[in-house]
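# Examination of the molecular architecture
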Amino acid sequence: MAQDFMIGELSKRTDTKVQTIRYYEEIGVMPKAIRADNNRRLYNETHLERLTFIRHSRELGFSLDDIRNLLELSDQPDKPCEEVDTIARGHLKEVERKIAALQVMQTELKRMITNCSGETISDCRIIKVLADHSLCQELG
């Protein structure tokens with residue numbers, strides 16, 4: 001028989017703050033904990049697995065709405081995974097868009113730094129570009 005454990009143990013086992021666990025319960029991505037006679041929250045392996053799924057999904061940058069949808073779909077194991085694939089592909093497109101934007105920022109920062117004379121603030125290209133966005137070539 002699986003043993004129940006308290007929120008502190010769940011927190012340690014998943015490296016998740018207690019407040020975050022409570023928040024996930026409040027918004028419905030985590031099932032509510034069982035309450036012991038002393039009204040303390042008790043968790044089990046199902047909670048641990050669910051929170052591990054949530055944590056890994058968050059590490060990959062999925063939104064809580066996407067995670068909620070993925071969890072609902074994962075609770076229907078016989079259903080085709082087309083919707084899961086659609087969610088993952090949409091997230092991948094967003095990640096690729098962010099990477100492209102970061103690469104543009106990287107290019108502009110390198111250009112600003114390269115063009116800085118390094119002498120005085122009054123001649124500093126970095127300060128001038130930050131103060132006058134029209135001097136940015138790559139961003140816009």
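Our subject is the structure listed above.
Notes on the structure follow. Computed from a prediction, not measured in an experiment: that's the story for all the values here.

## As for the overall build of the protein chain
The helix and strand inventory of the protein chain stands at 6 helices and 3 strands. Seen in sequence order, the protein chain has helices and strands lined up from the N terminus as β-α-α-β-β-α-α-α-α. Its C-alpha atoms give the protein chain a radius of gyration of 23 Å, more than 25% over the compact-globule value 14 Å for 140 residues. With the C-alpha coordinates of the protein chain rotated into their principal frame, the extents come out at 70 × 40 × 20 Å. When the 140 residues of the protein chain are sorted by exposure, 25% land in the buried category. Relative to all contacts within the protein chain whose residues are 6 or more apart in sequence, the contacts with residues 24 or more apart total 45%. A total of about 10000 Å² of accessible surface is found on the protein chain, and carbon and sulfur atoms cover 52% of it. For the protein chain, the distance from the average position of its 21 positive side-chain charges to the average position of its 24 negative side-chain charges is 4 Å.

## Section: the packing of helix α3 (residues 45-59) against helix α4 (residues 64-74)
At their nearest, the axes of α3 and α4 sit 10 Å apart, and the two run at 140 degrees to each other. By the angle class used here, α3 and α4 are oblique. Handedness of the crossing formed by α3 with α4: right-handed. Together, R50, F53, I54, S57 and R58 of α3 and L64, I67, L70 and L71 of α4 make up the contact between the two elements. Among the residues making up the contact of α3 with α4, the classes are represented as 6 nonpolar, 1 polar and 2 charged.

## Some details on the environment of D66
With respect to the helices and strands, D66 occurs in helix α4. C-alpha of D66 to C-alpha of T14: the two residues are 52 residues apart in sequence and 20 Å apart in space.

## Some words on the sheet that holds strand β2 (residues 34-35)
Strand-to-strand pairing in sheets goes through backbone hydrogen bonds, with the strands running parallel or antiparallel. If you walk across this open sheet you meet the 3 strands as β1-β3-β2, and the pairing is antiparallel. Each edge of the sheet is formed by a strand with only one pairing partner; in this case those strands are β1 (5-6) and β2.

## Brief notes about unusual backbone geometry
With a phi close to 55 degrees, D15 is a non-glycine residue in the positive phi region. Mapped onto the elements, D15 comes out in the loop between α1 (7-14) and α2 (18-27). Residue D15 is classed as exposed on the basis of its relative accessible area, which comes to 62%. Not every positive phi belongs to a glycine, and N39 is a case in point at roughly 75 degrees. Along the polypeptide, N39 turns up in the loop between β2 and β3 (41-43). We classify N39 as partly exposed; its relative accessible area is 49%.

## Structural notes on the packing of α4 against helix α5 (residues 82-114)
Relative to each other, α4 and α5 sit at 160 degrees, their axes nearing to 10 Å. When the axes of α4 and α5 are compared, the pair comes out roughly antiparallel. α5 is crossed by α4, and the crossing has left-handed handedness. For the pair formed by α4 and α5, the contact residues are D66, N69, L70 and L73 on the first element and E83, V84 and I87 on the second. Considered class by class, the residues forming the contact of α4 with α5 number 4 nonpolar, 1 polar and 2 charged.

## What to know about the nonpolar core
Judged by nonpolar contacts, the single largest core of 19 residues is most densely connected at L10, Y24, Y43 and I54. Elements supplying a minimum of two residues to this core: α1, α2, α3 and α4. Among the elements that line this core, the one with the most residues is α4, at 5 residues. Not counting residues up to four positions away in its chain, the partners in contact with I54 are Y24, V29, M30, I67 and L71.

## Details of the packing of aromatic side chains
Two aromatic rings, taken as a pair, are described by how far apart their centres are and by the angle between their planes. All told, the structure shown has 1 aromatic pair when counted by the stated rule. The positively charged end of R13 is found above the aromatic ring belonging to F5, 4.6 Å away from the centroid.

Definitions and cut-offs
Residues numbered from 1 in each chain as written. Predicted model: local features only at pLDDT ≥ 70, side-chain atom pairs only at ≥ 80, totals over all residues. Heavy atoms only, no water. Helix = DSSP H or I, 4+ residues; strand = E, 2+ residues; numbered from the N terminus. Rg over C-alpha atoms; globule rule 2.2 N^0.38 Å. Buried < 20%, exposed > 50% of the residue type's maximum accessible area, 1.4 Å probe, protein only. Contact = heavy atoms within 4.5 Å. Areas by Shrake-Rupley, 256 points an atom, 1.4 Å probe, with all protein chains shown as cover. Lys, Arg positive; Asp, Glu negative; His and termini not counted. Charge placed at Lys NZ, Arg CZ, Asp CG, Glu CD. Axes fitted to C-alpha atoms, helices over the stretch in contact; angles between N-to-C directions. Parallel < 35°, antiparallel > 145°, perpendicular 65-115°, else oblique. Left-handed = near helix turned anticlockwise from the far one by under 90°. Nonpolar A, V, L, I, M, F, W, Y, C, P; charged D, E, K, R; others polar. Pairing = 2+ DSSP bridges. Core = buried A, V, L, I, M, F, W, Y, C linked by side-chain atoms within 4.5 Å. Phe/Tyr/Trp six-rings, centres within 6.5 Å; stacked < 30°, edge-to-face > 60°. Lys NZ or Arg CZ within 6 Å of the ring centre and 35° of its normal.

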